[in-house]
Amino acid sequence: MSGTTAPLKRRAPVRPARVLLHVFLAGTALAWLAPLLWAVFSALRPYSETSDKGYVSWPDTLSFDNFTNAFEQSDMLHYFGNTLVIAIPAVLLTLFLSSCVAFYVSRFDFRLNLALLLVFTAGNLLPQQVVITPLYRLYLLTDLPGITASGKLYDSALGLVLIHVAFQSGFCAFVLSNYMRSLPHELTEAALVDGASVWRLYWQITLPLCKPAMAALATLLSIWIYNDFFWALVLISTGENMPVTSALNNLSGQYFTDPNLVAAGSLLTAIPTLALYFALQRQFVSGLTLGSSKG
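The structure displayed is predicted, hence computed values, not measured ones. (Residues numbered from 1 in each chain as written. Predicted model: local features only at pLDDT ≥ 70, side-chain atom pairs only at ≥ 80, totals over all residues. Heavy atoms only, no water.)

### A word on the overall build of the protein
Part 1: Across its full length, the protein carries 13 helices and zero strands.
Part 2: Scanning the protein from its N terminus toward the C terminus, one meets helices and strands in the order α-α-α-α-α-α-α-α-α-α-α-α-α.
Part 3: Taken over C-alpha atoms, the radius of gyration comes to 26 Å for the protein, far larger than the 19 Å a tight globule of 295 residues would show.
Part 4: When the backbone C-alpha atoms are referred to their principal axes, the protein occupies close to 95 × 75 × 30 Å.
Part 5: In the protein, which comprises 295 residues, the proportion classed as buried is 36%.
Part 6: Within the protein, residue pairs in contact and separated by at least 24 positions form 71% of the contacts whose partners lie at least 6 positions apart.
Part 7: On the protein, roughly 18500 Å² of surface is accessible, and the fraction owed to carbon and sulfur atoms is 67%.
Part 8: Here the protein holds 16 positive side-chain charges and 15 negative ones, and the gap between their average locations is 21 Å. (Helix = DSSP H or I, 4+ residues; strand = E, 2+ residues; numbered from the N terminus. Rg over C-alpha atoms; globule rule 2.2 N^0.38 Å. Buried < 20%, exposed > 50% of the residue type's maximum accessible area, 1.4 Å probe, protein only. Contact = heavy atoms within 4.5 Å. Areas by Shrake-Rupley, 256 points an atom, 1.4 Å probe, with all protein chains shown as cover. Lys, Arg positive; Asp, Glu negative; His and termini not counted. Charge placed at Lys NZ, Arg CZ, Asp CG, Glu CD.)

### A closer look at the pattern of salt bridges
Part 1: Considering all chains together, one arrives at three salt bridges under this definition.
Part 2: Across the pair Arg-45 and Glu-49 runs a salt bridge, and its minimum N-O distance is 2.8 Å.
Part 3: Measuring nitrogen to oxygen at the nearest pair gives 2.5 Å for the salt bridge that ties Asp-143 to Lys-152.
Part 4: Classification of Asp-143 by relative accessible area gives partly exposed; the value is 48%.
Part 5: When its relative accessible area of 30% is taken as the criterion, Lys-152 is described as partly exposed. (Salt bridge = Lys/Arg side-chain N within 4 Å of Asp/Glu carboxyl O.)

### Some remarks on the packing of aromatic side chains
Part 1: On inspection of all chains with the given rule, the structure shows 13 aromatic pairs.
Part 2: With centroids separated by 5.6 Å and ring planes inclined at 85 degrees, the aromatic side chains of Phe-103 and Phe-108 adopt a geometry described as edge-to-face.
Part 3: An aromatic cluster of at least three residues, connected via ring pairs, comprises Phe-103, Tyr-104, Phe-108, Trp-199, Tyr-202 and Trp-203. (Phe/Tyr/Trp six-rings, centres within 6.5 Å; stacked < 30°, edge-to-face > 60°.)

### Brief notes about the environment of Ser-150
Part 1: With respect to the helices and strands, the residue Ser-150 is situated in the loop between α6 (128-141) and α7 (157-181).
Part 2: C-alpha of Ser-150 to C-alpha of Thr-238: the two residues are 88 residues apart in sequence and 9.4 Å apart in space.
Part 3: Contacts of Ser-150, omitting those with residues within four sequence positions, involve Asp-155 and Ser-156.
Part 4: A polar contact is formed between the side chain of Ser-150 and the backbone oxygen of Tyr-154, at a distance of 2.8 Å. (Polar contact = N/O pair within 3.5 Å; in protein donor to acceptor, adjacent residues only side chain to side chain.)

### Quick notes on unusual backbone geometry
Part 1: Despite not being glycine, Asp-75 shows a phi value in the positive range, around 55 degrees.
Part 2: As for its placement among the helices and strands, Asp-75 is situated in the loop between α3 (65-73) and α4 (76-107).
Part 3: Positive phi values are uncommon outside glycine, yet Asp-155 reaches one of about 60 degrees.
Part 4: With respect to the helices and strands, the residue Asp-155 is situated in the loop between α6 and α7.
Part 5: Take Asp-155: its relative accessible area is 9%, and that puts it in the buried class.

### As for the packing of helix α5 (residues 113-122) against α7
Part 1: Running from N to C, α5 and α7 cross one another at 145 degrees; their axes reach a closest spacing of 7 Å. Between α5 and α7 the crossing geometry is left-handed. Of α7, the residues touching α5 (which contributes Leu-117, Phe-120 and Thr-121) are Gly-170, Ala-173, Phe-174, Ser-177 and Arg-181.
Part 2: By residue class, the composition of the contact of α5 with α7 is four nonpolar, three polar and one charged. (Axes fitted to C-alpha atoms, helices over the stretch in contact; angles between N-to-C directions. Left-handed = near helix turned anticlockwise from the far one by under 90°. Nonpolar A, V, L, I, M, F, W, Y, C, P; charged D, E, K, R; others polar.)

### Regarding the nonpolar core
Part 1: Phe-67, Leu-95, Tyr-139, Leu-160, Ile-163 and Trp-231 are the most contacted members of the largest nonpolar core, which has 58 residues in total.
Part 2: Where this core is concerned, the elements lending two or more residues are α3, α4, α6, α7, α9 (198-209), α10 (211-226), α11 (230-235) and α12 (259-279).
Part 3: The element best represented in this core is α4, accounting for ten residues.
Part 4: With sequence-adjacent residues up to four places away left out, Trp-231 is seen in contact with Gln-128, Val-131, Ile-132, Leu-135, Leu-160, Ile-163, His-164, Phe-167 and Ile-236. (Core = buried A, V, L, I, M, F, W, Y, C linked by side-chain atoms within 4.5 Å.)

### Description of the packing of α7 against α10
Each pair of packed helices can be summarised by the angle the axes make with each other and by the distance between the axes.
Part 1: Between α7 and α10, the least distance of the axes is 11 Å, while the angle of their chain directions is 160 degrees. Here α7 lies roughly antiparallel to α10, going by the angle between them. The two elements α7 and α10 meet at a crossing, and its hand is right-handed. From α7, His-164, Gln-168, Phe-171, Cys-172, Val-175, Leu-176 and Tyr-179 reach across to α10, where they touch Ala-213, Met-214, Leu-217, Leu-220, Leu-221, Trp-224 and Ile-225. (Parallel < 35°, antiparallel > 145°, perpendicular 65-115°, else oblique.)

### Some points on α9
Part 1: The terminal C-alpha atoms of α9 lie 16 Å apart, and with twelve residues this matches the ideal 16 Å at 1.5 Å per residue to within 8%.
Part 2: Along α9, the residues classified as buried are Leu-201, Tyr-202, Thr-206 and Leu-207. Down the axis of α9, the sector holding all buried residues measures 130 degrees, keeping them to one side.
Part 3: Buried residues belonging to α9 abut α4, α7, α8 (185-193) and α10. (Expected span 1.5 Å × (residues − 1). Arc of directions from axis to C-beta.)

Now the structure itself:
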């Protein structure tokens, strides 16, 4: 009985084009990470050492003192709380309102459904700098006695929540409407035959099927609203009401600013967004790849 041996598989030769591709991708990744790595390197060094030896030098001392000082001097915990008060209601309201609009224009057929969706989406095409002057005047003229601490829509967390909802709802409605259109209409028809109301059709049938898209949008919205600096700078005047992105101003002195301390503070403010992304990474990726395999 003669035994047979399976033929050995030959490794495919490495093509020069593939080597160049990997070199290009590695170089691009390093170039993308270079500012972050440089900020970490600067934050770990005391300013006295970098002022004597320069930033491009071998470090003698590496410590977390700048992170501790930045957290304490900027009162960052207080500003983290301000950001949560703004970001959480803004994200929830945006997802709720945009999902309602998306459900209406995607699951019901009428003449103006596309025009209604375009109206919501068109708000994202308008630059923020164009509307800032009339919006600033409107916030100053809107009185809310007993509702906000300032008595007006200006200089309040409510004002920031409303402006974020207004500017982000169009994009979310567009994404959710495209996803809801891919859901089988037989679900809607069967629920209507069983006597389900429109609210039950939206809340208990359609919305649970949109969890991947909702998770992806929630991640994006949280990062965008958390990193906002423009609206907070214009619509908030009291320093204690500022979000965390504005807390870095407390690290700048009148005559001198420690760049290593500012780098440490910037890295601290980035930690919540990184934690949120890694916590929702699977849902975020699945939400972005929805429909990629459909013909």
